[in-house]
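What the coordinates show
So you can see what is in the structure, the chains are spelled out below.
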Amino acid sequence: MDPSQKLSQSWDANAQVWTRAVREGLIPSRKAATDAAILDAIRARAPKRLLDMGCGEGWLVRAAREMGADAVGIDGSEALIEAAQKLDPLSDYLVLPYEDAAEDPDALGGPFDAITLNYALLGETIQGLLATLATCLTPSGAILIQTLHPWSAADGRYEDGWRTEDFSAFEGEAWEPMPWYFRTLASWQRVIAGAGLRTAGIREPAAEPGAPPLSILFVCERT
Ligand SMILES: C[S@@+](CC[C@H](N)C(=O)[O-])C[C@H]1O[C@@H](n2cnc3c(N)ncnc32)[C@H](O)[C@@H]1O
């Protein structure tokens, strides 16, 4: 099985443990800074309509709704979308792999004032999806991408390539290892520009001032 297929499959296998980890606040970096960072970035755009791509169990869709946005969640994992719908029957959730979304912008139901990808761009081939999402933005809209910070996540090997997350930080749970594609900062910039977007801002959330960044958050607008 190639890494992209294994990546998608891992999210079905991990749906239950992932849902518990998110809902019970078991991911320290999220509590320390990264949840607040993506919420602040959304608030700054004051979106009327928001699309959360790779929404997982739906926490960001629920949070965006609480901010007053009309929010939609899309994910490739049926099990995660089922978990999202069960907790939040009033929001719109859709099972749609990125590969299909990239080919069919109409299926996404834009235009959106904000499109979020919170730790949800994990594969190698993402430029086509970003280019399609760019066409689903309102003229003043933005795509907000939060991901692993390349300098913190490099682990001594600063070059693009597939890595494996074994979730060993979550002891005592049966996690399926997840392949994910590491990108250098320059590689992120290339893929964003190649999708017809410009980087309007970069945030580097940290637990406290001066501490190493826990993530990187790109604010991308249409060129
Ligand atoms: C680390 S989880 C993040 C979930 C959510 N954004 C959050 O902040 O909790 C990554 C999500 O991306 C989704 N995903 C990854 N690759 C995908 C693909 N090719 N098509 C659709 N969804 C994908 C997974 O199913 C998973 O729900």
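The notes below deal with the structure included here. (Residues numbered from 1 in each chain as written. Predicted model: local features only at pLDDT ≥ 70, side-chain atom pairs only at ≥ 80, totals over all residues. Heavy atoms only, no water.)

Let us now look at the packing of aromatic side chains. The final tally for this structure, using the stated rule, is ten aromatic pairs. Ring centres of Tyr158 and Phe182 lie 5.9 Å apart, and the angle between their planes is 75 degrees; this geometry places the pair in the edge-to-face category. Remark: Phe182 occurs in strand β7 (residues 178-182) and Tyr158 occurs in the loop between α8 (150-153) and β6 (161-165); sequence separation between them is 24 residues. A relative accessible area of 40% means that Tyr158 is categorised as partly exposed. Judged by its relative accessible area of 1%, Phe182 is buried. (Phe/Tyr/Trp six-rings, centres within 6.5 Å; stacked < 30°, edge-to-face > 60°. Helix = DSSP H or I, 4+ residues; strand = E, 2+ residues; numbered from the N terminus. Buried < 20%, exposed > 50% of the residue type's maximum accessible area, 1.4 Å probe, protein only.)

Turning our eyes to something else, we now look at the pairing of strand β5 (residues 137-147). Across the eleven residues that make up β5, a large majority, nine, are buried. Bridging between strand β4 (residues 112-118) and β5 involves six bridges; their strand directions are parallel. Within β5, the residue paired with Leu117 across the bridge is Ile145. Pairing analysis gives six bridges linking β5 to strand β9 (residues 216-222), with the strands arranged antiparallel. Its bridge partner lying in β9, Ala142 is registered against Glu221. (Pairing = 2+ DSSP bridges.)

Packing of helix α2 (residues 15-23) against helix α5 (residues 78-87) leaves a shortest axis separation of 9 Å and a crossing angle of 45 degrees. Relative to α5, the element α2 is oriented oblique. As for the relative orientation of α2 and α5, their crossing is right-handed in sense. Facing α2, whose interface residues are Ala15, Trp18, Thr19 and Arg23, α5 presents Ala79, Leu80, Ala83, Ala84 and Leu87. Partitioned by chemical class, the residues of the contact of α2 with α5 number seven nonpolar, one polar and one charged. (Axes fitted to C-alpha atoms, helices over the stretch in contact; angles between N-to-C directions. Parallel < 35°, antiparallel > 145°, perpendicular 65-115°, else oblique. Left-handed = near helix turned anticlockwise from the far one by under 90°. Contact = heavy atoms within 4.5 Å. Nonpolar A, V, L, I, M, F, W, Y, C, P; charged D, E, K, R; others polar.)

In this section: the environment of Arg65. Of note, Arg65 is situated in helix α4 (residues 59-66). Residue classification places Arg65 among the partly exposed positions, given a relative accessible area of 36%. For the pair formed by Arg65 and Asp88, sequence separation is 23 residues and the distance between their alpha carbons is 10 Å. Arg65 has contacts with Ala71, Asp88, Leu90 and Ser91, leaving out every residue within four places of it along the chain.

This model, assessed by the stated rule, comprises ten salt bridges. In this structure, Glu57 and Arg23 form a salt bridge, with 2.6 Å as the shortest nitrogen-oxygen distance. Here Glu57 is found in the loop between β1 (49-53) and α4, whereas its partner Arg23 is found in helix α2, with 34 residues between them in sequence. A salt bridge links Arg45 to Glu221; the shortest N-O distance between them is 3.0 Å. With Arg45 in helix α3 (residues 28-45) and Glu221 in strand β9, this pair connects stretches of sequence that are 176 residues apart. For Glu221, a relative accessible area of 18% corresponds to the buried category. A single salt-bridge network, built from bridges that share partners, covers Arg20, Glu24 and Glu173. (Salt bridge = Lys/Arg side-chain N within 4 Å of Asp/Glu carboxyl O.)

Right, let's talk about the site of the ligand for a bit. Surrounding the ligand, one finds 19 residues, the nearest of these being Arg30, Gly54, Asp75, Tyr98 and Asn118. Measuring from a nitrogen atom of the ligand, one finds a backbone N or O atom of Tyr98 at 2.9 Å. When the ligand is considered free in solution it has 590 Å² of accessible area, and contact with the protein chains removes 95% of it. (Near = heavy atom within 4 Å. Polar contact = N/O pair within 3.5 Å; in protein donor to acceptor, adjacent residues only side chain to side chain. Areas by Shrake-Rupley, 256 points an atom, 1.4 Å probe, with all protein chains shown as cover.)

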